[in-house]
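Overview (structure and organization)
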Amino acid sequence: DGSAQVLLTDGKGLYWNASWSPDGQRILFVVLRGADAEVFTMDAQGSNWSALTDNVHWDQLPIWSPDGSHIAFVTARDNAWRVFAMNRDGTGEYELLADVDPDLYAAWSPDGSRIAVIGKRDGQDDIYVMNADGSGEIRLTDHPAYDGKPTWSPDGTRIAFESDRDGQREIYVISADGSSAEVRLTKGGGRAPSWAR
């Protein structure tokens, strides 16, 4: 109800992208100090901070896997934006996709086995799906217009997304394995789709 607010951060930087771990025990967030942005976690009470990334690159938009065992995030490395994943303690970093839009994020499938990301290849934003370890990449969309905000259906068979391919932002859906073409769902505008559960 908005009462009993507790300050969790120390005021020594900027903090954003906060999200609860699936088990509710940890909070994932980004800290900006100076020109350096890093991914952190802390206990739900604001204690036991842990820096998961520590480099000269900008790391942002972290997201938990459904079981809380891994974290995907967007990072600026080798002068390009990329999507990486790592274990929940920051170990075992690996790259999922290079040349991505820095304002877009990874989306885990409901069972955690696959990830949808937005790749900025060929000068356009398209949706890619791959296994959680980065293998088996497939390109779902291929259009010069913007395709973004991928959202998995609860059963993991379809992905809804927004696109301005028809002159304004609308909602579309496509099969998660690329076996069917995009279907436009809205007329008159639509953004940031989400599925009923």
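Please refer to the structure higher up on the page.
The shown structure was predicted, so the numbers you read here are calculated from the model rather than taken from an experiment.

Each value, and the rule that gives it
Residues numbered from 1 in each chain as written. Predicted model: local features only at pLDDT ≥ 70, side-chain atom pairs only at ≥ 80, totals over all residues. Heavy atoms only, no water. Salt bridge = Lys/Arg side-chain N within 4 Å of Asp/Glu carboxyl O. Buried < 20%, exposed > 50% of the residue type's maximum accessible area, 1.4 Å probe, protein only. Helix = DSSP H or I, 4+ residues; strand = E, 2+ residues; numbered from the N terminus. Polar contact = N/O pair within 3.5 Å; in protein donor to acceptor, adjacent residues only side chain to side chain. Contact = heavy atoms within 4.5 Å. Pairing = 2+ DSSP bridges. Axes fitted to C-alpha atoms, helices over the stretch in contact; angles between N-to-C directions. Core = buried A, V, L, I, M, F, W, Y, C linked by side-chain atoms within 4.5 Å. Phe/Tyr/Trp six-rings, centres within 6.5 Å; stacked < 30°, edge-to-face > 60°. Lys NZ or Arg CZ within 6 Å of the ring centre and 35° of its normal.

A few points about the pattern of salt bridges
- For the structure shown, the criterion picks out 14 salt bridges.
- In this structure, lysine 120 engages aspartate 125 in a salt bridge whose closest nitrogen and oxygen atoms are separated by 3.5 Å.
- For aspartate 125, a relative accessible area of 8% corresponds to the buried category.
- With a shortest N-O distance of 3.5 Å, aspartate 142 and arginine 139 are connected by a salt bridge.
- Look at aspartate 142 and you get exposed, because its relative accessible area is 56%.
- When salt bridges that share partners are traced, they join Asp59, Arg77 and Glu93 into one network.

Thoughts on the side chain of aspartate 147
- In this structure, aspartate 147 sits in strand 13 (residues 147–152).
- Under the relative-accessibility criterion, aspartate 147 is labelled buried at 0%.
- A polar atom in the side chain of aspartate 147 sits 2.9 Å from the side chain of threonine 141.
- Side chain to side chain, aspartate 147 and arginine 165 meet in a polar contact 2.7 Å long.
- When neighbours within four sequence positions are excluded, aspartate 147 is seen to be in contact with Ile118, Asp125, Asp126, Ile127, Thr141, Phe161, Glu162, Ser163 and Arg165.

Concerning the sheet that holds strand 5 (residues 59–64)
- Spatially, 5-6-7-8 is the arrangement adopted by the 4 strands of the open sheet, whose pairing is antiparallel. In this open sheet, the two strands that pair with only one neighbour each are strand 5 and strand 8 (94–98). Sheet twist, expressed as the mean angle between neighbouring strand axes with direction ignored, is 25°.
- Pairing between strand 6 (residues 70–77) and strand 7 (residues 80–87): 8 bridges, direction antiparallel. Paired with threonine 75 across the two strands is arginine 82, which belongs to strand 7.

Focus: the nonpolar core
- Grouped together as the largest cluster of nonpolar side chains are 15 residues, with contacts concentrated most on Val83, Leu96, Leu97, Ala106, Ile115, Val117 and Met130.
- Every residue in contact with methionine 130, bar those within four places of it in the chain, is listed here: Leu96, Leu97, Ser113, Arg114, Ile115, Val117, Ser135, Gly136 and Glu137.
- Counting residues in hydrophobic clusters, the runner-up holds 12 residues, among them Ala107, Ile118, Ile127 and Ile174.

Looking at the pairing of strand 3 (residues 36–43)
- Within strand 3, 7 of the 8 residues are buried, which leaves the element mostly enclosed by the surrounding structure.
- The pairing of strand 2 (residues 26–33) with strand 3 spans 8 bridges and is antiparallel. Bridge pairing in strand 3 links arginine 33 to aspartate 36.
- Adjacent in sequence and paired antiparallel, strand 2 and strand 3 are bridged by 2 residues, among which glycine 34 carries a positive phi angle near 70°.

A few points about unusual backbone geometry
- Phi angles above zero are rare outside glycine, and asparagine 48 is one such case at about 55°.
- Summarising the element assignment, asparagine 48 is placed in the loop between strand 3 and strand 4 (50–51).
- Among the residues examined, asparagine 48 registers a relative accessible area of 54% and is labelled exposed.
- Phi at alanine 192 takes a positive value of approximately 45°, unusual for a residue other than glycine.
- Here alanine 192 lies in the segment after strand 16 (183–184).

Description of the packing of aromatic side chains
- Using the criterion set out here, one finds 8 aromatic pairs in the structure.
- Between phenylalanine 29 and tryptophan 49, the ring centres sit 5.1 Å apart and the planes meet at 80°, which makes this aromatic pair edge-to-face. Here tryptophan 49 lies in the loop between strand 3 and strand 4 and phenylalanine 29 lies in strand 2, a separation of 20 residues in the sequence.
- A relative accessible area of 2% means that phenylalanine 29 is categorised as buried.
- Here a set of aromatic residues connected by ring pairs shows up, and it is made of Tyr15, Phe29, Phe40 and Trp49.
- Looking at arginine 77, its charged tip hangs above the ring of phenylalanine 84, at a distance of 4.6 Å from the centre.

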